[in-house]
Structures are given as C-alpha cells and as structure tokens.
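Fold and geometry: a report
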Amino acid sequence: MLRVAVPNKGSLSEAATTMLTEAGYRQRRDNRELVLTDQENHVEFFYLRPRDIAVYVGAGTLDVGLTGRDLLLDARVDAVELLELGFAASTFRFAGPLGRYSDIDQLAGRRLATSYDGLLRGYLAERGIEATVVRLDGAVESSVRLGVADAIADVVETGSTLRAAGMETFGEPILRSEAVLIGRDGHEPEGIDVLIRRLQGVLVARRYVMMDYDIRADLVDAASAITPGLESPTISPLRDGEWVAVRAMVLRTQTNRMMDELYALGARAILTSAIHAARI
Ligand SMILES: Nc1ncnc2c1ncn2[C@@H]1O[C@H](COP(=O)(O)OP(=O)(O)OP(=O)(O)O)[C@@H](O)[C@H]1O
Ligand SMILES: O=P(O)(O)OC[C@H]1O[C@H](OP(=O)(O)OP(=O)(O)O)[C@H](O)[C@@H]1O
Ligand SMILES: [Mg+2]
C-alpha cells in the first residue's frame, strides 16, 4: 500500500481532502479518524499535523505527503517537491510597524519573531544577516507590540492580519508558497505514478474547460489560432458542408475573452462545459 500523509487541521486540510476526493480516493468522514485505508486503490491515508508531514516523509515512514512548500523548507528534512497542487497560495514575508523598515539590511542585530524558524534562519544565513530569531507558535503579528520582537517573518495571504496589527511588509518576499506533494528523491513506491497522474488530472479539470463551436470552414485556421487546444483542436464535419464543428480545451480564465473573439470572427453556438476528470 502507498502511504500518504494528509493535513489533519488548518489552512491545508479541507482543500487537500477535497483534492484527493476529486482524484477518486476515499477520504475520512470524521475529523477524529487518524488513518483511512482505501482498499480499492491500495492507498493508506494518515491524517497528521501539517508541520509534521515533511518529517514523516523525510524519515521514510510515509511515502508521500501533501503539505505547504514553506512547511517543507522549514522542516529541513530530506524530502523534495513532486508536484504543485495549486491551492493554499501565500507568501512568506518580513513585516514591521508602519514606516519603520524599508530594507532587509536594517534587520541586522534585531529580534525577529516567526513560526518558521528553520526557513528564516536559512534565509538570514544565506544573506549573512545576523539577527536573533524568536520562535513563536502563532499570532506572530502581536509579538512586536508586546515587546518580544522588533520585526516578524510570517505567512501573508490577503494582508488583513498585518493591517489589523498596524504592520506592513518590507523587502522582497522570502518565499512564494503553495500546497505541494512531497516525497523522497529517487524513492518511487508502487502506486506513486498513479497518484501523481490523478492529482495532475484534478489540476487540469480545474484549470481548463471544454469549448465547442461551429464556424465556416474557411475560417478554421483563424479560429484555431484563438483556441489552439493542448495539442490541436478537433475539427468535425457538419451536415452543412460549408461549416465545421470545433472542440478544444481552453484555460478557464480565458474563456470569455476567447468566446468574444470567436463570436466576432463569425463562430456561433459557442458553448463551454466543465471537465470532471482528466488524464493528459
Ligand atoms: N492565510 C493563511 N494562514 C496560514 N497559513 C496559510 C494561509 N494561507 C495558506 N497557508 C498555508 O498553510 C500552511 C500552514 O498550515 P497550518 O495548518 O500549519 O497553519 P494554519 O492554517 O495557520 O493553522 P493553525 O495555525 O490553526 O494550526 C502553510 O503552508 C501556509 O503557507
Ligand atoms: O494575510 P492574511 O490573509 O491575513 O493571512 C495570514 C495570517 O493567517 C495565518 O494566521 P492564522 O489565522 O493561522 O493564525 P496563527 O498565526 O495563530 O497561526 C498566518 O499566520 C497569518 O497570521
Ligand atoms: Mg496559523
């Protein structure tokens, strides 16, 4: 059985479980379940603290896991990213009280609070910045006002937590993170290729829609330039020989722009439909 670590709580948990369900795996119904065996797919899911997932995978006790890139790098273990999962996007950034800092060079000799001390220490060491790292479990934004730190390094998603604390980011983002599938380099247990292909299928089904339209045969080349598809659009004859039907996958975000352009070109009966599952 393939042994897969899944976040049991926090920002990653629900989206990870949803993605695995869409990929055709059984998932737990009760949040107290710690392990779930999917007999049909030969996979065992272990529900663990997001922070611990890289530790289990790095130690080799579990084959793969879904976690955040920031958590993977913070754990400093022997595990690698296998696939970006397209959810839980965030940045990891320095922040301080409004107007106090503008550049990371100002951090030398300061106290920096964070929940990601491994990640932060690595970043500071690479840049030769000597500062004191104060490891906190959460609510890091309060640390400056409460006097245990001078600045912070924390996860920023919308920025509203920082604003509420009277703080602002400065310097370039330390890291751009999102949920990722992790494993060990060179370790390819049975079933891992199927898991990866299924997850890639979910990503495709989320990112693309199927577009169908009718167009005069002499305009097919111009229409195909608008909707090139992944490899090449499917062209089918219509009963009226002067027209053809075209079918192509298009990026969901481009759908309306493409429909407008196709309509202006002369295409009609332009329809889009969702893709529920895919293997590309
Ligand atoms: N708004 C967000 N807050 C925290 N983490 C986020 C956010 N958006 C995405 N993430 C990602 O979620 C992961 C952290 O998940 P984790 O469950 O450890 O923390 P959490 O969501 O803050 O939960 P908690 O603090 O309640 O334990 C990281 O990979 C982080 O980048
Ligand atoms: O930019 P935003 O959209 O405001 O999101 C970022 C905030 O969300 C997380 O905190 P969480 O709610 O998980 O609390 P914690 O700090 O106690 O973990 C994170 O640590 C930031 O504080
Ligand atoms: Mg948190």
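This one's a predicted model, so the numbers in the text were calculated from it and none came from an experiment.

The rules behind each value
Note that residues are indexed from 1 along each chain, following the sequence as it is written. Here chains are named by letter from A upward and ligands by number from 1 upward, in the order in which they appear as written. Side-chain atom pairs in this predicted model are given and counted only at pLDDT of 80 or more, local residue features only at pLDDT of at least 70, and totals for whole chains, interfaces and linings cover all residues. We call a residue near a molecule or strand if the C-beta atom, set from the backbone, is within 6 Å of it. Under the scheme used here, helices are H or I runs from DSSP no shorter than 4 residues and strands are E runs no shorter than 2 residues, and both carry numbers assigned from the N terminus. Charged means Asp, Glu, Lys or Arg here, nonpolar means Ala, Val, Leu, Ile, Met, Phe, Trp, Tyr, Cys or Pro, and polar covers whatever is left, Gly included. You can read pLDDT as the predictor saying how much it trusts each residue, on a scale of 0 to 100. UniProt positions are given in the numbering used here, feature names are shortened, and annotations may be inferred rather than shown by experiment. Here, a strand pair is defined by DSSP locating no fewer than two bridges between the strands. Every axis in this analysis is a line fitted to C-alpha atoms, fitted for helices over the stretch in contact. Angles between the N-to-C directions lie between 0 and 180 degrees. Residue ranges assigned to the domains are those given by an automatic or database domain assignment. With C-beta atoms placed from the backbone, the exposure class of a residue follows from how many other C-beta atoms lie within 10 Å of its own: 20 or more, buried; 12 or fewer, exposed; in between, partly exposed.

**A short note on the site of ligand 2**
Every residue lining ligand 2 is accounted for by G138, A139, V140, E141, D154, V155, V156, E157, T158, G159, S160 and T161. Of all the secondary-structure elements, those providing two or more residues to the shell around ligand 2 are β9 (151-156) and α5 (160-164). Per element, the largest residue contribution to the shell around ligand 2 is three residues, and it comes from β9. Its residues assigned to classes, the shell around ligand 2 comprises four nonpolar, five polar and three charged.

**What to know about the confidence of the model for the protein chain**
Averaged over the protein chain, the pLDDT score is 97; the fraction of residues at 70 or greater is 100%. Predicted complex, confidence summary: ipTM 0.95, pTM 0.93.

**Points about the UniProt feature "domain: ATP phosphoribosyltransferase catalytic" (unreviewed entry) in the protein chain**
If you check UniProt for "domain: ATP phosphoribosyltransferase catalytic" (unreviewed entry), the listed places come out as residues 49-201 in our numbering. Summarising residues 49-201: 27% helix, 31% strand, and an end-to-end C-alpha distance of 26 Å.

**Regarding the sheet that holds strand β13 (residues 234-237)**
Overall, antiparallel pairing links the four strands, which are arranged β13-β14-β12-β15 in an open sheet. Looking at which strands have only one partner, the edges of the open sheet turn out to be β13 and β15 (268-274). On average, each strand axis in the sheet is inclined to that of its neighbour by 20°, with strand direction left out of account. In this sheet, β15 lies alongside strand β12 (residues 208-216) in antiparallel orientation, the contact comprising five bridges.

**So, the site of ligand 1**
Lining the immediate environment of ligand 1, one finds 15 residues, of which G10, S11, G68, S90 and E157 sit closest. Going through the elements one at a time, α2 (50-59) and α3 (69-75) are the ones with two or more residues in the shell around ligand 1. Tallied by class, residues from the shell around ligand 1 come to five nonpolar, six polar and four charged. A domain-level breakdown of the shell around ligand 1 finds at least three residues from each of domain 1 (2-88 + 178-190) and domain 2 (90-176).

**Concerning the environment of E188**
Residue position: E188 is located in the loop between β11 (179-183) and α6 (192-207). The exposure class assigned to E188 is exposed, which follows from the 11 C-beta atoms found within 10 Å. Separated by 125 residues in sequence, E188 and D63 place their C-alpha atoms 8.4 Å apart.

**Examining the UniProt feature "domain: Histidine biosynthesis HisG C-terminal" (unreviewed entry) in the protein chain**
UniProt's entry tags residues 205-276 with the feature "domain: Histidine biosynthesis HisG C-terminal" (unreviewed entry), counted in the numbering of this structure. Span residues 205-276 is 29% helix and 40% strand, its end C-alpha atoms 6 Å apart.

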